[in-house]
Each structure stands twice: as C-alpha cells, then as structure tokens.
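The lines below spell out each chain.
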Amino acid sequence: MELFYHQDAVLDWARDHRVHHKYSETDADPHNATRGFFFSHVGWLLVRKHPEIKAKGHTIDKTDLWADPILHFQKKLVSNSIETSKSDRTPLSVNLINLFGEISYCAVSGRKDTMPPQDQQTGSWVLHEADFNKDATVIVPPSAEKRKWEIVWRNVIIFVTLHIGGVYGAYLFLTTAMWTTRFFAVVLYICSGLGITAGAHRLWAHKSYKARLPLKILLTVFNTIAFQDAVLDWARDHRMHHKYSETDADPHNATRGFFFSHVGWLLVRKHPEIKAKGHTIDMTDLWADPILRFQKKYYLILMPLACFILPSYIPTLWGESLWNAYFVCAIFRYVYVLNVTWLVNSAAHKWGSKPYDKNINPVETRPVSLVVLGEGFHNYHHTFPWDYKTAELGEYSLNISKLFIDGMAKIGWAYDLKTVSRDVIEKRVKRTGDGSHEEWGYENLNVPTQDKINTE
Ligand SMILES: [Zn+2]
Ligand SMILES: [Zn+2]
Ligand SMILES: [Zn+2]
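Everything numeric in this text was worked out from a predicted model, so none of it was measured. (Residues numbered from 1 in each chain as written. Chains lettered and ligands numbered in written order. Predicted model: local features only at pLDDT ≥ 70, side-chain atom pairs only at ≥ 80, totals over all residues. Heavy atoms only, no water.)

Visitor: I keep staring at helix H18 (residues 322-345) and nothing clicks. Help me out?
Guide: An α-helix turns once per 3.6 residues; consequently, residues spaced three or four apart project the same way. Taking 1.5 Å of rise per residue, the 24 residues of H18 would be expected to cover 34 Å, and the 34 Å separating its terminal C-alpha atoms lies within 8% of that figure. By the largest-angle criterion, phenylalanine 332 marks the main kink of H18, which is about 30°. In terms of residue burial, H18 counts as a mostly covered element, since 18 of its 24 residues are buried. (Helix = DSSP H or I, 4+ residues; strand = E, 2+ residues; numbered from the N terminus. Expected span 1.5 Å × (residues − 1). Bend = angle between axes of the 7 residues up to and from the residue. Buried < 20%, exposed > 50% of the residue type's maximum accessible area, 1.4 Å probe, protein only.)

This is the structure in structure tokens:
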C-alpha cells in the first residue's frame, strides 16, 4: 500500500521528485542511484523509505502545488480509495458520500468555486502542511442548533471570583503597586503570553517551526506561568478548533456567539461532538515529547508554583507587599492574559476583514493582534495555519511572538520556520478573499463595480 500511496497522486510524485533533485544521490533521495542500478530502478519501492527522506521531506516547499485545486482533488480521491484497504479507515462508500456531501454543500451554499475540497479545507481542515492527507472529514456547515446548557457551577464560581480579584488587582496595579512590581507584571504578561502563542500555539499545536531543547524548556516554563492547562490538552483543543472550525466539535464554536466563544465554553459541559470527534485528532507527535509529558504529569505542582506562588513571592524581594504582589502579578496578570487569549476565539472570529477567505468567520483584527502578541491576523491564520508568523507580513510591533521566534532563530534555538510563498497567498487572495487585501484587493484591480457589489 505504501507503494500506491506514495506513487499515485501528482502531489506525492512531485514531492518525491523535488526531494530527488534537492538531495540528489544522498539518502534523502528516494531513488538514490549510489545504491546501485536495481535500487534506483525499482528496489526503492520495495523497501521502507530511508529515515532521511522523512527527515528532509519538510524542507520541500509544496505549497504551490497544494494550492492547485485539481491536484488537491486528485490526491483526495486517490488517498481515500487507497485508505479503504487499511482496516481502521473509513470505508470508501462513506468517503464518497462525504465527498458528495461537500460538493452539494458548496452547491447549496451558492459557492462559485467548483472545487470544494480545496476551498473548504485549506481554511479549516489543516493543522500544518504535512497534515493535508490525513483522514477525510465532512465539514459541517457552520451551525448552532439549540442545545441544552449543562452549566458547571464550580467553574462559574471560580471564574467569577478570579475576575473580581482581577479587577481589584488592576486597581492596585494603577494605584499602590511599586514601579518594579508593575514592570514585573508586564514581563510576566509577555512571557506567559509567549508560552501560549509561540509555544502551545505555533510550536506545538501547529508545528510551524522547530525548537531546540533549551527553547522547548523555556517555552514550557512560560506556558506553565500562563495556566491554560498543559500543552498536551491545549494543543488538542486547538487542533479540534481548526479541524472542525465553527461546528459543535470546535471547543469554542464561535457560531454560538461572542460570550460562548470567549469564556462560556469553559463554564458548561463539553458538547458530545467534541468527545465523539476527539479521537480523530492525532496527538502522538506531542505525546512523544518527554518535556510535554513531564509538564502534564506534574502540572498540579508546576502550575501553582509558576502561575501563583513565585509571581507573588518574587516582588517581596524588592520590598513589595505580598498582598500587592499576589493581586497584581498573579491574579490580575493571569486574568488579563486569559482574556486577551480568549479575544482570539471571540473577537477575532467576529469583527474584522477577510482578505484571504471570505467563506470562513475568522477575521483580521489589529487591536487583538496588539494585545495578544500577534495572533489577531486570524483570517490569514485559519487559511494558512502552518505559517509561523500567523500573519502574512508580521510587523514586529503587532507581532511580538514573531519577533521572539525570529530572535530565537538568530541564536539557533528555533529552525525550520514555515511560511507561505507570496505567490500562493496572492492566488488565494484573488480566489477566495473578500477584496479587502491591501495589495491584491478590489481597490487595485479593475473589477467592475457591479461585481464588487455582488460579493458583499
Ligand atoms: Zn527531474
Ligand atoms: Zn480560530
Ligand atoms: Zn491555530
């Protein structure tokens, strides 16, 4: 099956061939001719691939080909039919029904694009580039059917108390706290924020770049200060959010309104769909990381230390009161970072423009980007989730996370930073954008006014 799987679709063939040229006659070349006539002729198809091929495969840019809906469509048909022979896969009939469903969904919803798989799925289906050929899924049209809310009162009480403490902490921050304490609170905000954005989000959930051990440890510490649950849990929820975006299997389904996607989702029992679909998310890559397993295993010791105890203790070293330190550096800072992170799920799925894909709800919002260290370019991010910038341009002033990752790349702690080529972005903007793109929007094209009106 390996043989078919990697031979059939143009996308696979072209990837192999690009590897063949780039790493010609090394072990990363699929049919490395230095291993003899027989191997390079057919033998390479009869043995397991050399690990180097997999290791180097990521360095091949295939975004140009993946952007072609015809190739995407072929790949999908091919891999679906091949996968039926694996016992644990969805039967072919189901896949064909799914495919039919997608096509008719696009027909019903009046999309002009005749190639639904590309259109629908680049936006909401993919976690990172290498994930394109994972299991096929029907994307349920954004919907929010009536549901019975089972409120978890314990969480309501915790979050209400926290927020009262947070407001009081903000008051102390503005009034009696020492300047050093204020400065320390801001440092904690940036560090714990990076633990979410550069760590849990870009490094782990999307694997948009790679990190060496010291950076992984640093980001795990930062992430623990943020107390948004262990990376392993955060990344699973986030992969669900992308794969099943704006359906009931999306933990913070934004079609259920601002409040639900902001914090409400943490106050009620999870929708059964989340559990039902949860097992379709592959987390083996992250579970293989001993640092993340360590964080998860000792979370109930590490988290209180990193998020509450140390932030309350450290300011007393320069003479701050424990009371101020606790409310400003622990509670206020924690509640503040929680809320700016939540804005990505609420505001950035609601108020803004959609230059990259007008068919999805996530939007571009600069104010959110500013407070959440560069994560507000959310229409771009849902369209190209594997880009480490989570933005097309990534100006440093609005994207501190990118500044941080670039800095880490300079000293060699971060590498293999994934981006999307200008060409691919341009094509996508012209195909599915809402016309608001600064460079390739309608302003700069000679689109008849009538067409502009029609797309609004
Ligand atoms: Zn060639
Ligand atoms: Zn989102
Ligand atoms: Zn994401």
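On we go from here.
Visitor: What is the right way to look at the nonpolar core in this model?
Guide: The tendency in soluble globular proteins is for nonpolar side chains to be buried side by side. Counting residues in each nonpolar core, the largest one holds 62 residues, and the members touching the most others are Tyr209, Leu215, Leu219 and Phe404. Of all elements in the fold, only helix H9 (153-174), helix H10 (179-205), helix H11 (213-226), helix H12 (231-243), helix H17 (299-313), H18 and helix H21 (400-410) reach the threshold of two or more residues within this core. When residues in this core are grouped by element, the largest group, twelve residues, is from H10. If we skip the residues at most four places from it in the chain, phenylalanine 404 touches Leu194, Ala198, Leu215, Leu218, Leu219 and Phe222. Grouped together as the second largest cluster of nonpolar side chains are nine residues, Tyr356, Tyr380, Ile425 and Trp440 included. (Core = buried A, V, L, I, M, F, W, Y, C linked by side-chain atoms within 4.5 Å. Contact = heavy atoms within 4.5 Å.)

Visitor: It is not clear to me how the coordination of the zinc ion (ligand 3) should be interpreted in this structure. Could you clarify?
Guide: Note on metal geometry: ideal angles are 109.5 degrees for four donors arranged tetrahedrally and 90 or 180 degrees for six donors arranged octahedrally. The zinc ion (ligand 3) binds to the protein through His201 (NE2), His206 (NE2), His238 (NE2), His242 (NE2) and His381 (NE2), with metal-donor distances spanning 1.9 to 2.2 Å. In the primary structure, the donors to the zinc ion (ligand 3) are separated according to the pattern H-x4-H-x31-H-x3-H-x138-H. Residue histidine 238 is located in helix H12, and its partner histidine 381 is located in helix H20 (residues 378-383); the two are separated by 143 residues in the primary sequence. Each member of the pair, histidine 238 together with histidine 381, is buried. (Donors = N, O, S within 2.8 Å, 3.2 Å for Na, K, Ca; no water.)

Visitor: Just to check I follow, could you spell out the coordination of the zinc ion (ligand 2) for this structure?
Guide: Every protein donor of the zinc ion (ligand 2) is listed here as His241 (NE2), His349 (NE2), His378 (NE2) and His382 (NE2), and their distances to the metal cover 2.0 to 2.2 Å. In this structure, the zinc ion (ligand 2) is coordinated by four donor atoms arranged in irregular fashion, with angles at the metal of 95 to 155°. All donors of the zinc ion (ligand 2) belong to a single chain; written as a sequence motif, their spacing is H-x107-H-x28-H-x3-H. You can see histidine 241 sitting in helix H12 and its partner histidine 349 sitting in the loop between H18 and helix H19 (366-371), a full 108 residues away along the chain. You can call histidine 241 buried: its relative accessible area is 0%. (Tetrahedral: all angles 85-135°; square planar, octahedral: opposite > 155°, others 65-115°.)

Visitor: Looking at this model, I keep getting lost on the UniProt feature "transmembrane region" (unreviewed entry) in the protein chain. Mind explaining?
Guide: Using the residue numbers shown here, the UniProt feature "transmembrane region" (unreviewed entry) corresponds to residues 156-177, 183-204, 298-318 and 324-344. Taken end to end, residues 298-318 is 71% helix and 0% strand, and its two terminal C-alpha atoms sit 30 Å from one another. (UniProt positions renumbered as here; feature names shortened; annotations may be inferred.)

Visitor: What is the right way to look at the packing of H10 against H18 in this model?
Guide: Packed helix pairs are characterised by how far apart their axes lie and by the angle those axes make with each other. It is at 9 Å that the axes of H10 and H18 come closest, and there the two elements cross at 40°. Taken together, H10 and H18 sit at an angle that is classed as oblique. For H10 against H18, the interelement crossing comes out right-handed. Facing H10, whose interface residues are Thr181, Phe184, Ala185, Leu188, Tyr189, Ser192, Gly193 and Ile196, H18 presents Val328, Cys329, Arg333, Tyr336, Val337 and Thr341. Class assignment of the residues belonging to the contact of H10 with H18 gives a composition of nine nonpolar, four polar and one charged. (Axes fitted to C-alpha atoms, helices over the stretch in contact; angles between N-to-C directions. Parallel < 35°, antiparallel > 145°, perpendicular 65-115°, else oblique. Left-handed = near helix turned anticlockwise from the far one by under 90°. Nonpolar A, V, L, I, M, F, W, Y, C, P; charged D, E, K, R; others polar.)

Visitor: In this structure, what is going on with the side chain of glutamate 320? I would like to understand it.
Guide: Positionally, glutamate 320 belongs in the loop between H17 and H18. Of the side chains with opposite charge, arginine 182 comes closest to the buried, unpaired glutamate 320, at an N-O distance of 7.6 Å. Side-chain polar atoms of glutamate 320 contact the backbone nitrogen of methionine 178, separated by 2.9 Å. (Lys, Arg positive; Asp, Glu negative; His and termini not counted. Salt bridge = Lys/Arg side-chain N within 4 Å of Asp/Glu carboxyl O. Polar contact = N/O pair within 3.5 Å; in protein donor to acceptor, adjacent residues only side chain to side chain.)

Visitor: Mind showing me how you'd approach unusual backbone geometry here?
Guide: Trans peptide bonds make up most of the peptide bonds, and negative phi angles are found at most residues other than glycine. The backbone phi angle of glutamate 25 is positive, close to 60°, even though this residue is not glycine. Mapped onto the elements, glutamate 25 comes out in the loop between helix H2 (10-22) and helix H3 (37-41). Here lysine 207, not a glycine, exhibits a phi torsion of approximately 50°, which is positive. Mapped onto the elements of the fold, lysine 207 is located in the loop between H10 and strand S1 (210-211).

Visitor: What should I look at first to understand the pattern of salt bridges in this one?
Guide: Under the criterion given, the structure shown has 19 salt bridges. One salt bridge in this structure joins aspartate 237 and arginine 236, with 3.4 Å as the shortest N-O distance. The class for arginine 236 is partly exposed, based on a relative accessible area of 29%. Two residues, aspartate 387 and lysine 389, come together in a salt bridge whose shortest N-O distance is 2.9 Å. On the basis of relative accessible area, aspartate 387 is assigned to the buried category, the value being 1%. Where salt bridges share partners, they join Asp233, Arg236, Asp237, Lys270 and Lys296 into one cluster.

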